[in-house]
Amino acid sequence: MSDRDMKKTNTYYWTSLDQLKCTPRYRRHLLEQYRDRDNHHDDNTVTRRDFLTVMAASLALAGLAGCRKPVEKIIPYVSQPEEIIPGVPQYYATSMPLGLSAFGLIVECHEGRPTKVEGNPVHSSTGGATGLFIQSSTLGLYDPDRSKMARNRNVEVTYDTFVTVWRELHDKFIANKGDGLAFISEEFSSPTLARLKTEILKAFPKAKWVSYEPISDENILGAVKNLTGNDLRPIYKYDLASVILSLDSDFLQTESEALRAAREFADGRRMNNTDDSMNRLYVVESAFTITGGMADHRYAIQSSRIDAFLSTLLKELQKRGLDISGNIAEYHETFDISWISALAEDLMANKGANLVVAGRRQPAQVHELVLLLNNALGNIGRTMDLIPMRDTSRSDTGQLKTMIDAIAAGKVDTLVILGGNPVYNAPVDLNFGEAIQKIEHNIHFSEYYDETSQKCEWHIPRAHYLESWGDVRAADGTVGIIQPMIEPLYGAHSDSEMYSLMATGRDQRGYDIVRETWGNILNGGDFENRWRRVLHEGLLKTEPLLSYGFRPLKNFGAVFENLPDSSKDSSDELELGFYPSYLYDGRYANNGWLQELPHSVSKLAWSNAALINPQTAATLEVGNNDIVSLGLNSLEIEIPVWIVPGIADRTVVLPLGYGRDKVGRVADGVGVDTYRLRTAAGMSFIKGANVTQTDRVSRLANTQDHNLMEGRPLVGEATLEEYRSNPGFVSEMVEHPSLKSIYPDHDYSTGYQWGMVIDLNTCIGCDACTIACQSENNIPIVGQEQVYRGREMHWIRIDRYFSGDMDHPGMVHQPVPCQQCENAPCEAVCPVAATVHDREGLNNMTYNRCIGTRYCSNNCPYKVRRFNFFNYTNRLPETVKMAQNPDVTVRSRGVMEKCTFCIQRINRAKQAAKKENRAVRDGEIITACQQACPTRAITFGNINDTSSAVTALKKMDRNYELLVELNVRPRNSYLARLRNPNLKLAEGMDNNDKAEQG
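None of the values given here were measured: they were computed from a predicted structure.

Student: Tell me about the packing of helix α8 (residues 191–203) against helix α18 (residues 495–504), residues and numbers included.
Tutor: Two packed helices can be described by the angle between their axes and the distance between those axes. Between α8 and α18, the least distance of the axes is 9 Å, while the angle of their chain directions is 15°. Here α8 lies roughly parallel to α18, going by the angle between them. Relative to α18, α8 is oriented so that their crossing is left-handed. On α18, the residues touching Thr 192, Leu 193, Leu 196, Glu 199, Ile 200 and Ala 203 of α8 are Asp 495, Ser 496, Tyr 499, Ser 500, Met 502 and Ala 503.

Okay, structure coming up:
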C-alpha cells in the first residue's frame, strides 16, 4: 500500500511478518508466483525420471481407453418410485449431533445419495446456516476408510458373531447385576439414548458409566451445578447485549452453539445507516481468535491469568457500586488499569444490557464468578437464560480418572466404549491405552478402526449420522429427529441400535427404537400424523423451556475462597494452551476438505504447529518452520514453529486433533499429536514448559501470502464515530479516477443482472463459505505439496489482514470470490475465448475450450482464478464420487476454474420461474456461500430489481468495490468494516489492542 493509501485509511494492512519486513523469502515467493522462473532455481523442475513416469502413466491410460469397455449390467427401476424424478434433488430434514449440541439440517439428495447439507431455517441452533463440521460431513459419510467389518482381535468377523458373544455376556451381567461391567460413552443430548442409558443401568445396577469428551463444556456446566445445585445450561442472547466481554472465549467459532452466537452477534452489528446502534465487544484472550479479530478492544494475556484479570475487574466494579459481597483478593498485576476501568464503567452504564462470557477452557471457579457477575449486572433473564438440561449425559474427566483407577484395581472385567477415541485423546497421564489392556473383555464402537479399536478385543463399526435413526435435544430444549438419507454403506449400526443391544441383548432396528421413544414424546392425539410431521420438519415445535430463576448457593466470597492464587505464578513461565482445530478433537482428521482449509488466523493447512508471537520467538531464538522439542516434565513432542502476531507473550498455542496413526489415507502422519502433552491437571492450559531447538526445519503449507493483490487499498474500515461524521469515507479509498475502456460499453440495463454484496462488518472469517463452495461445486483437494506451491483450488478465499504494528495488531477478514467484472480483463487475453460474458453479466468459463495458457490468471487483478494443474479426481474412490454434485461439472486437469455465482442454482430457479410464467423472486436464488454463512454477511440477487435486498445494500454509503479505479466494473461489492471503540480508552492504538505489560 502506498503512503497515500496509508494516510487515507490511517491503517496499514499486512498479511504476514515476511510481507511487513519485505524479507528475501517474501520477495522470492512473489517472483515464483507471478512470473516464469529460472529453471536453475525452480524446485518444481520436472526431472527425466518424473517425465518418464508421467508419460508411462499417460500411455497406460491411453491404452486402457483404446480397449473395449467392460460389460456392466445396469438394473433399472422395475417400478420407479413416483416421488423420485431423475435429475431433480429431494430434500429431507434431519439433525447432526455434536457433544451436547444438536444442529437441525436440510439435506439435498440425488437419487438416494446425500450430496449437500444446509441448515434448517426453523431450528434455533442453525437458523438456516452451517459450519465447517456440518458442511464437511457429507465427505465423511463417503469416506472409504471408515470401518467396514466388525473385528475380534484384529480378525474380521460378522456383526452377528458379536451379537452372539454379547448375549452371553449380557446374561452373565444380568445375573450378577452388572458387577465388573463399565461403560464409557461420548456426551449426548438425546431422548432415546437417555432412555436406553437408564434401561442399561437398571438392568445392571452395579455397572459404572462415564461420559468423556476431550473438548466439552464440562467446566461451565459444573460451575452452574456448583452454584445452583441444578443441571442447567446457560443460553446467551448476544443480539440483546450492547456490551459484551469475552474472557478466553472464541464464541464465534470454537465454543458450543457458535452458529447461534455468530448470528446473534452479527445482528447486533448490522448497520443500515448512521443512526443505527452497534454493540461493543471486549475480548481478553491468549490465542488470536476470530472473536478477537472482531473485537473493538482486545487484551492479550495468558489464559492462566484470566482469573486475576477478572478479580481486578470485579474490584473496579465494586468501587463503582456493584453489589459484590466478599473480600476480593488483592492482585499485584501489571494489567492496564485504565483499560479495565473503562471496561468497568461501560458495564455499569449498560446494566441488564451487557453480557460476560468465559470460554470452556477456563476452570469452573472462573465460570462461577462470571455467573455471579452476570447476576449482579442484571443480565440473567435478559441477555442470558439458564435452561434445565434434560436427556443428557455430560463429560466428567474426574469420573474417567476414577474409572481408570477401578480398572487398575481389577474391579472391571468388561469395558464397553460407546464412541470416542480415549486411547488417543484422554489425558496422557491417565495411561488409558495401558489400562484397558488389563481388562478381559473390551469393546469399542466407532466409525474408524482407530487407536482405541486397535487396543480392544472387539471393534464394532458405527454408522454415520446421515445413515442412522436417532434423535437429539438442542441446547434450548428443542427435540429433533435424526433420519437416514441412505442405507448404511458398510453395514454399520447406529448409536440407538448399539445402546439397545447393550440394554436388552436383542438386535433391534433403529427405526423401531426411536419410534418407541417418540410414542411417549407424542403421547395423545394421532401419533402417525404427528410423527410424519416431525419427520417432515426435522423437529418438534413445542413451547421453549422456561429459564431458571437464579438462586445461587454461593456468593462471591465463597467462590474466592476456592480460587487458586494465580498471583504467585510467574508470567515469565512458558504456558501451553490446547485449542480445538479445524479437525475439532481429531475425529475429522480423515476429512480432506478440513485438512486443506487454511486456518482463519494462522493460515496453515495440512498441519498444526506451535503458534507463538514474534516477541516469544525472539526470546526463544526460533523462526517459522523451525522444529523444536517441546517438553513438560517427562513429556515431550517435536513440533514445528509458526509465528502469529497477537498471541499473548510467553504462550504456545497447540491445536489438537493431528498426529493420527493408522486411521486413513488422509489423516495418517499429518501434523503432530499434541495430546501427548495434555494432562488431567492441564486439559486447557499448563505452565512450566521448556523449548529446545533441534536444528531441523519443516515445510509448512501456509497460504497467507498466496494470491495477493499487491499494493492496493482493499479493506474499507472506520470507527463508528468516523462513519457518522463522514458517511462517504469509502470513496476516499479510490486512488485515481476510473480508467476508460477502449471497448464499447455493454448494455446491462434489462433482464436479470446478478450481483453480490459482502458485509465486512458482520463477516467473522469463519470459512464456512469456503467449505460450502467446495461441497457445492466439486472442488478437489490437492494435497499439502500443492498447497505449499500456492495451488490450492478454493473458489472463494478468505484474506486475513493484520493491521497496525506487529506487537498489538488488529485483524480483519475479507472473502474474495471472482468479482464477475463487466469489463473482465481475463476475457480480453484468452486466445480461445474460454472465458466469456453472458447477457446477465456473469463471467463464464467454458472448460472444453480452455487450453491452460493462464493468461487470464495473470491479467486478473483480484487473483481469484485457479488453474487445475493435475487431474485430482481420476483416482477418487467410488464412494467419494457419490458425494459430488451432479449439477456441476467434474473438471479434469489443464483448465481454469473460478466462482460461478452457483450458476446451477441460478438456472434451476429460472427454470422453475419459467414453468410458472413469472420472474425469479428476490431471495429465491441463494448461493452456496450465502446459504452457509452464519452471520448472513453475503447477499446475492438481481441488481436490476429495484426492490431486491442486494440493490438496497449497493445503495448504502458504506458500499464500495475493489479496485474500482481500474474500470473493470465488478459485480461484487463490500460494505466497509466498522468498529465501535470506547472513546474513553487511550487513542493511538490500532484496533485498541493491548497486551499484558511486563
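Student: I'd like a description of the pairing of strand β23 (residues 574–579), backed by residues and values.
Tutor: Here β23 lies mainly inside the structure; six of its six residues are buried. Side chains Leu 574, Leu 576 and Phe 578 project from β23 onto one buried face, and the interleaved Glu 575, Gly 577 and Tyr 579 project onto a second face that is buried too. Here five bridges tie β23 to strand β28 (residues 651–655), and the two strands are oriented parallel to one another. Each bridged residue has a counterpart across the sheet, and for Tyr 579 the counterpart in β28 is Pro 655.

Student: For the pattern of salt bridges, give the residues involved together with the corresponding values.
Tutor: Using the criterion set out here, one finds 51 salt bridges in the structure. Ionic pairing is found between Arg 979 and Glu 717, a salt bridge with its closest N-O pair at 2.6 Å. One end of the pair, Arg 979, is in strand β42 (residues 977–979); the other, Glu 717, is in strand β31 (residues 717–719), and 262 residues separate them in sequence.

Student: Let's hear about the sheet that holds strand β32 (residues 754–759): which residues, and what values?
Tutor: Read across the open sheet, the four strands follow the order β39-β32-β41-β40; overall the sheet is mixed. With partners counted over all chains shown, the strands left at the sheet margins are β39 (938–942) and β40 (959–960), one partner each. Pairing of β32 with strand β41 (residues 972–975) involves four bridges; the strand directions are parallel. Considered in β41, the bridge of Val 757 is made with Ser 973.

Student: Outline the packing of α8 against helix α19 (residues 510–521), supporting the account with residue identities and numerical values.
Tutor: Their axes nearest at 9 Å, the elements α8 and α19 cross at an angle of 100°. Put simply, α8 runs roughly perpendicular to α19. Mapping the contact onto sequence places Pro 191, Thr 192, Arg 195 and Leu 196 in α8 and Ile 513, Val 514, Glu 516, Thr 517 and Ile 521 in α19. Taken together, the residues of the contact of α8 with α19 break down into five nonpolar, two polar and two charged.

Student: Could you give an account of the nonpolar core, with specific residues and numbers?
Tutor: By size, the foremost hydrophobic cluster in this structure holds 122 residues, and its most contacted members are Leu 576 and Leu 654. The residues touching Leu 576, leaving out its near neighbours within four places in the chain, are Leu 630, Leu 632, Val 652, Leu 654, Leu 677, Ser 684, Phe 685, Ile 686 and Ala 689. Membership of the second largest hydrophobic core comes to 84 residues, among which are Ala 295, Leu 343, Val 357 and Phe 560.

Student: Describe the state of the cysteines, and please don't skip the residues or the numbers.
Tutor: Taken as a whole, this structure holds zero disulfides when the rule is applied. You can see Cys 763 has no disulfide; the closest cysteine sulfur is in Cys 769, sitting 6.6 Å from it. Taking relative accessible area as the criterion, Cys 763 reaches 10% and is therefore assigned buried. Left unpaired, Cys 773 is separated from the closest cysteine sulfur, that of Cys 899, by 6.3 Å. Owing to a relative accessible area of 8%, Cys 773 belongs among the buried residues under this scheme.

Student: Lay out the side chain of Thr 383 in plain terms, naming residues and giving numbers.
Tutor: With respect to the helices and strands, Thr 383 occurs in the loop between α14 (364–376) and β15 (384–388). At 2.7 Å, the side chain of Thr 383 and the backbone oxygen of Asn 354 are in polar contact. Residues in contact with Thr 383, not counting those within four places in the same chain, are Ile 235, Tyr 236, Lys 237, Leu 240, Ala 241, Gly 352, Ala 353, Asn 354 and Leu 355.

Student: Which residues make up the pairing of strand β2 (residues 90–98), and what are the values?
Tutor: In terms of strand pairing, β2 meets strand β3 (residues 101–110) through nine bridges, oriented antiparallel. Residue Leu 98 lies in a different strand from β3, and its bridge partner there is Ser 101. If you look at the hairpin formed by β2 and β3, you'll find two residues sitting between the two strands, and Gly 99 has a positive phi there, around 60°.

Student: Talk me through the sheet that holds strand β19 (residues 458–461); I want residue IDs and the actual numbers.
Tutor: Strand order in this open sheet of seven strands is β6-β5-β19-β18-β17-β7-β9, and the pairing throughout is mixed. Two strands bound the open sheet, and with one partner strand each, they are β6 (155–157) and β9 (208–211). Across the sheet, the mean angle separating the axes of adjacent strands is 20° when strand polarity is ignored. Alignment of strand β18 (residues 441–446) against β19, held across four bridges, turns out to be parallel. Considered in β19, the bridge of His 444 is made with His 459. With respect to the sheet, helix α15 (residues 397–408) is in contact with β7 (181–185), β9 and β17 (414–418), its orientation differing from that of β9 by roughly 140°.

Parameters and conventions
Each residue is numbered by its place in its chain's sequence as written, counting from 1. Under the rules for a predicted model, residues below a pLDDT of 70 receive no local features and side-chain atom pairs below 80 are neither given nor counted, while totals for whole chains, interfaces and linings still include all residues. To obtain the side-chain values, all non-hydrogen atoms of the structure were included, while hydrogens and water were left out. The axes used here are C-alpha line fits, helices contributing only the stretch in contact, and every angle between their N-to-C directions lies in the interval 0 to 180 degrees. Secondary structure elements are taken from DSSP: a helix is a run of H or I of four residues or more, a strand is a run of E of two residues or more, and numbering for both begins at the N terminus. Angle categories are assigned with fixed cut-offs, so that under 35 degrees is roughly parallel, over 145 is roughly antiparallel, 65 to 115 is roughly perpendicular, and the rest are oblique. Take the far helix as your reference; a near helix turned counterclockwise from it by less than a right angle gives a left-handed crossing, and one turned clockwise gives a right-handed crossing. Pairs of residues are marked as contacts when any of their non-hydrogen atoms sit within 4.5 Å. Per-residue accessibility, obtained with a 1.4 Å probe over protein chains only, is compared with the maximum for each type, and a residue is labelled buried under 20%, exposed over 50%, and partly exposed between these values. For two strands to be treated as a pair, DSSP must find no fewer than two bridges joining them. We define a salt bridge as a side-chain nitrogen of Lys or Arg found within 4 Å of a carboxyl oxygen belonging to Asp or Glu. Here the nonpolar group is Ala, Val, Leu, Ile, Met, Phe, Trp, Tyr, Cys and Pro; Asp, Glu, Lys and Arg are the charged ones; every other residue, Gly included, is treated as polar. Residues belong to a common nonpolar core when they are buried Ala, Val, Leu, Ile, Met, Phe, Trp, Tyr or Cys residues joined through side-chain atoms within 4.5 Å. The criterion for a disulfide is a pair of cysteine sulfur atoms lying within 2.5 Å. In the analysis that follows, any N or O atom pair within 3.5 Å is treated as a polar contact, provided that within protein one partner can donate a hydrogen and the other can accept it, and provided that, for residues neighboring in sequence, both atoms belong to side chains.

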